[in-house]
Amino acid sequence: MEKTDRPALRIQDELCVGAGECVRAAPEIFDQHDEDGTVTLRRVTWDETFDEDVRHAVFVCPSGALTLGETGSQ
Amino acid sequence: MSAATLTAERFPPPRPAERPLGIPEDYRRMFAGARVPHVLLPSGRTAHLLGRYEDVRAVLTGPVSADGAHPGFPMVRAGTASTSNALSFFRMDGADHRRYRRLVAADFSVAQVARMRPRLERIVDELIDGMLAGDQPADLATMIALPLPTQVICHILGVPYTDRASFQQLSDTLTRGPEHGRESFLAAVMRLQAYVEKLAVAKRDEPGDDLLSALIENFDHDDSLDRRQLAAMVLLLLVAGHETTASMITLGALALIEHPHVAEAVRADPGVTPNVAEELLRYISIAQWVPRVATEEIVLGDTTIRAGEGLIALPLMANRDPDVFANPDALEPYRWNADRHLGFGFGPHQCLGVQLARMELQVVFEALACRLPGLRLAVPVGELALRQQSAMFGVESLPVTW
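Residues numbered from 1 in each chain as written. Chains lettered and ligands numbered in written order. Predicted model: local features only at pLDDT ≥ 70, side-chain atom pairs only at ≥ 80, totals over all residues. Heavy atoms only, no water.

The helix and strand inventory of chain A stands at 2 helices and 4 strands. Ordered by position from N to C terminus, the α and β elements of chain A give β-α-β-β-α-β. Relative to its 74 residues, chain A shows a buried fraction of 45%. For chain A, the share of sequence-separated contacts (at least 6 apart) that also reach a separation of at least 24 residues comes to 61%. (Helix = DSSP H or I, 4+ residues; strand = E, 2+ residues; numbered from the N terminus. Buried < 20%, exposed > 50% of the residue type's maximum accessible area, 1.4 Å probe, protein only. Contact = heavy atoms within 4.5 Å.)

Printed below as a string of structure tokens:
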């Protein structure tokens, strides 16, 4: 398996507009609040098999609520 | 930006003859000459056109305002009324936008939409049964494309489907307002608002398990919410909830007819349908223009856009950017990055109903491919009446046989 740096996920939920794109990209990691549709995490840690999905979730997030650090662990 | 680069352009430019889903030649020319063409719109206002994928993403997530009442807002045609007061958070910025949008966002969440799938499948089956039982040729737009999203948004909101004539016609005038003149546009807005307010009175007496009843509850118990927004939000959801998806279904059916290998791929492996829906969203890009005004200086390459200047993002051009999508003018069922398209826009204003629209499109495209394998146009493609001048591209009718 290719060795990669783990993505450091940052969530600014005050920016979230509840589009649900992160849930579509990484349904094992992200969920939406029942009240206002904004982002919530299903789990606080995950193994690297989910890293690509998390990167994709950050890419398709329209609001800027999700960003990635350069390197590090989640 | 020097005056020499400011040219008056036909906007939106016409689609190529006989190829309604093709890129206008005028866009190819404009973007061959400049990364960010600066044009004089028919309204007399100016706009920087954004056609590169990375530029559209950067600008729609950047320092821009969606407020149509802003003096620099790039209205396309003269005499167009601002939709700012009519369409609620569609034309708000920042925290206000998020606050009102979040009142309804959970009703369109991935989980909520997934629960609706059996209902969507049943509606689509009934609509196709109805078309098959009728005469040929039939108009796919009125038999399938419009009834599906209209029934769905009526169900979500708790608006009687039997009232659809009253808001379909009004919302048609609203989305194509400029063609009908400012007066009829404003009259349509007021009539739709009156309709929504009348509905709200009935819901307050007899609440249902629906979004309109929940919204009324919110507005009645939170004095900090602007009460005028109730009707404006329902109006926005009704308009955005059926016209857009209906256009995407009709034009998607046209694309499936014109590219038989795509429908063939769905029949061979229905599992590819979600990717086909994304590819059709990319290829068709029904939002013809997404206007914004810069609130701070924005630099794109050697172009500087000053605060207060108008910008128009062009999803069609971004979605055909060869730096992102290989062989962009081809419709490819298995395109690996089809879902990176900007067909729903991008930034905080990205389509609220994105997950619902996706599921409606997946269900209807799979059913069209599998149940109507002989679907074809009943008229030459050049005779289709295109909605070229509408912010949402579409076609008036799609006569088909099968």
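What follows deals with helix α16 (residues 354–371) of chain B. For α16(B), with 18 residues, the first-to-last C-alpha span of 25 Å sits near the 26 Å given by 1.5 Å per residue. Summarising burial for α16(B): 15 of the 18 residues are buried, a large majority. (Expected span 1.5 Å × (residues − 1).)

Right, let's talk about the environment of Gln168(B) for a bit. Residues and elements named next belong to chain B. Along the chain, the position of Gln 168 falls in helix α8 (residues 164–175). Measuring from C-alpha to C-alpha, the distance between Gln 168 and Arg 228 comes to 21 Å, with 60 residues separating the pair along the chain. When residues no more than four places from it in sequence are discounted, the contact partners of Gln 168 are Leu 146, Thr 150, His 242 and Glu 243.

To continue, consider the interface of chain A and chain B. Counting from both sides, the interface comprises 24 residues of chain A and, opposite them, 21 residues of chain B. Summed over the three residues of chain A that lose the most area to chain B, namely Val17(A), Arg24(A) and Phe59(A), the buried surface amounts to 34% of that side. Taken together, the connections running from chain A to chain B amount to 2 salt bridges. Among the salt bridges present, the one from Arg24(A) reaches Asp339(B), with a minimum N-O distance of 3.4 Å. At the junction of chain A with chain B, the criterion picks out 14 residue pairs in polar contact (both at pLDDT 80 or more). For the side of chain A that touches chain B, the secondary structure elements donating two or more residues are α1 (21–25) and α2 (51–60) of chain A. Class assignment for the residues of the side of chain A that touches chain B results in 9 nonpolar, 8 polar and 7 charged. (Buried area = accessible area lost by both parts, 1.4 Å probe. Salt bridge = Lys/Arg side-chain N within 4 Å of Asp/Glu carboxyl O. Polar contact = N/O pair within 3.5 Å; in protein donor to acceptor, adjacent residues only side chain to side chain. Nonpolar A, V, L, I, M, F, W, Y, C, P; charged D, E, K, R; others polar.)

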